[in-house]
Amino acid sequence: MDFRKLIERALAAREYSYSPYSHFRVGAALLCQDGSVYTGCNIENRAYGPTNCAERTAFFKAVSEGKREFAAIAIVGGEDELVWCYPCGVCRQVMAEFCNGEEFKIICAKSADEYRIFSLNELLPEMF
Ligand code: THU
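Residues numbered from 1 in each chain as written. Predicted model: local features only at pLDDT ≥ 70, side-chain atom pairs only at ≥ 80, totals over all residues. Heavy atoms only, no water.

Enquirer: Just give me the short version of the site of the ligand, but keep the residues and values in it.
Expert: In the vicinity of the ligand, 13 residues are found, and the nearest of them are Asn-42, Glu-44, Cys-53, Ala-54 and Glu-55. Residue Asn-42 places a side-chain N or O atom 2.9 Å away from an oxygen atom belonging to the ligand. Side-chain polar atom of Glu-55 to an oxygen atom of the ligand: 2.6 Å apart, as the coordinates give it. For the shell around the ligand, a count of residues per class yields 8 nonpolar, 3 polar and 2 charged. (Near = heavy atom within 4 Å. Polar contact = N/O pair within 3.5 Å; in protein donor to acceptor, adjacent residues only side chain to side chain. Nonpolar A, V, L, I, M, F, W, Y, C, P; charged D, E, K, R; others polar.)

Structure, rendered in structure tokens:
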């Protein structure tokens, strides 16, 4: 699957964002090595702490259905307009649990045409 299509899946997932507290709406689309895609959105909570990021929603959906091998994740986020949205430290650590630092690609996008690609190693150097 090309990155454009993966970004479009992330944009669609963002529509389901439950973010009444921050109003910052995030969508993610996780590409598995077998070609399947799991999407996620951020899900906030009135107690704040239980909030789950879009990236972890996608990962936990995938892992809970037996997937363990991942190729890339596309991430889109912002309030009204999309901004460059990079994964938080907790989500980077979750990626590190399942993904190869050199090979796994993190695609941060503002649209299907405007995106930046990082390896996990770049965003989480010297990972645990
Ligand atoms: N958030 C994500 O879902 N992913 C990110 O990469 C950054 C932050 C969410 C968490 C919270 O619901 C809102 O964005 C504001 O931090």
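Here the narrative resumes.
Enquirer: I'd like a description of the nonpolar core, backed by residues and values.
Expert: Counting residues in each nonpolar core, the largest one holds 24 residues, and the members touching the most others are Leu-30, Phe-59, Phe-70, Ile-73, Phe-104, Ile-106 and Leu-120. With residues near it in sequence (within four places) discarded, Phe-104 still touches Leu-30, Phe-59, Phe-70, Ala-71, Ala-72, Ile-73, Met-95, Cys-99, Phe-118, Ser-119 and Leu-120. Counting residues in each nonpolar core, the second largest holds 13 residues, with Leu-6, Ala-29, Ala-74 and Ala-109 among its members. (Core = buried A, V, L, I, M, F, W, Y, C linked by side-chain atoms within 4.5 Å. Buried < 20%, exposed > 50% of the residue type's maximum accessible area, 1.4 Å probe, protein only. Contact = heavy atoms within 4.5 Å.)

Enquirer: Hey, could you go over the pattern of salt bridges for me, with residue numbers and the actual values?
Expert: A complete count under the given rule lists 3 salt bridges for this structure. Among the salt bridges present, the one from Arg-4 reaches Glu-8, with a minimum N-O distance of 3.9 Å. Of the two residues, Arg-4 and Glu-8 both sit in helix H1 (residues 3-14), 4 residues apart, roughly one turn of that helix. Exposure remark for Arg-4: the relative accessible area of 37% places this residue in the partly exposed category. Judged by relative accessible area, Glu-8 falls into the partly exposed class, the value being 40%. Ionic pairing is found between Lys-67 and Asp-34, a salt bridge with its closest N-O pair at 2.9 Å. (Salt bridge = Lys/Arg side-chain N within 4 Å of Asp/Glu carboxyl O. Helix = DSSP H or I, 4+ residues; strand = E, 2+ residues; numbered from the N terminus.)

Enquirer: Go over the side chain of Thr-57, please, and point to the residues and values.
Expert: Mapped onto the elements of the fold, Thr-57 is located in helix H2 (residues 54-63). Only 2.9 Å separates the side chain of Thr-57 from the backbone oxygen of Cys-41, close enough to count as a polar contact. If near-sequence neighbours (up to four positions away) are discounted, Thr-57 is found in contact with Gly-40, Cys-41, Ile-43 and Asn-52.

Enquirer: Tell me what's going on with unusual backbone geometry, and back it up with residues and numbers.
Expert: Even without a glycine there, the phi angle at His-23 is positive, about 65°. Structurally, the position occupied by His-23 is in the loop between H1 and strand S1 (25-32). One non-glycine residue, Glu-126, lies in the positive phi region at around 50°. Along the chain, the position of Glu-126 falls in the segment after helix H4 (120-123). The exposed category is assigned to Glu-126, whose relative accessible area is 79%.

Enquirer: How would you sum up H1? Please name residues and give values.
Expert: The terminal C-alpha atoms of H1, which comprises 12 residues, lie 16 Å apart, in line with the 16 Å expected from a rise of 1.5 Å per residue. Every buried residue of H1 is accounted for by Leu-6, Ile-7, Ala-10, Ala-13 and Arg-14. Relative to the axis of H1, the buried residues are bounded by an arc of 115° and lie together on one face. On its buried face, H1 is in contact with S1, strand S2 (37-41), strand S3 (70-78), strand S4 (82-83), strand S5 (105-109) and strand S6 (115-119). For H1, the side-chain oxygen to backbone nitrogen distance between the N-cap and Arg-4 is 3.2 Å, and the N-cap itself is Asp-2. (Expected span 1.5 Å × (residues − 1). Arc of directions from axis to C-beta.)

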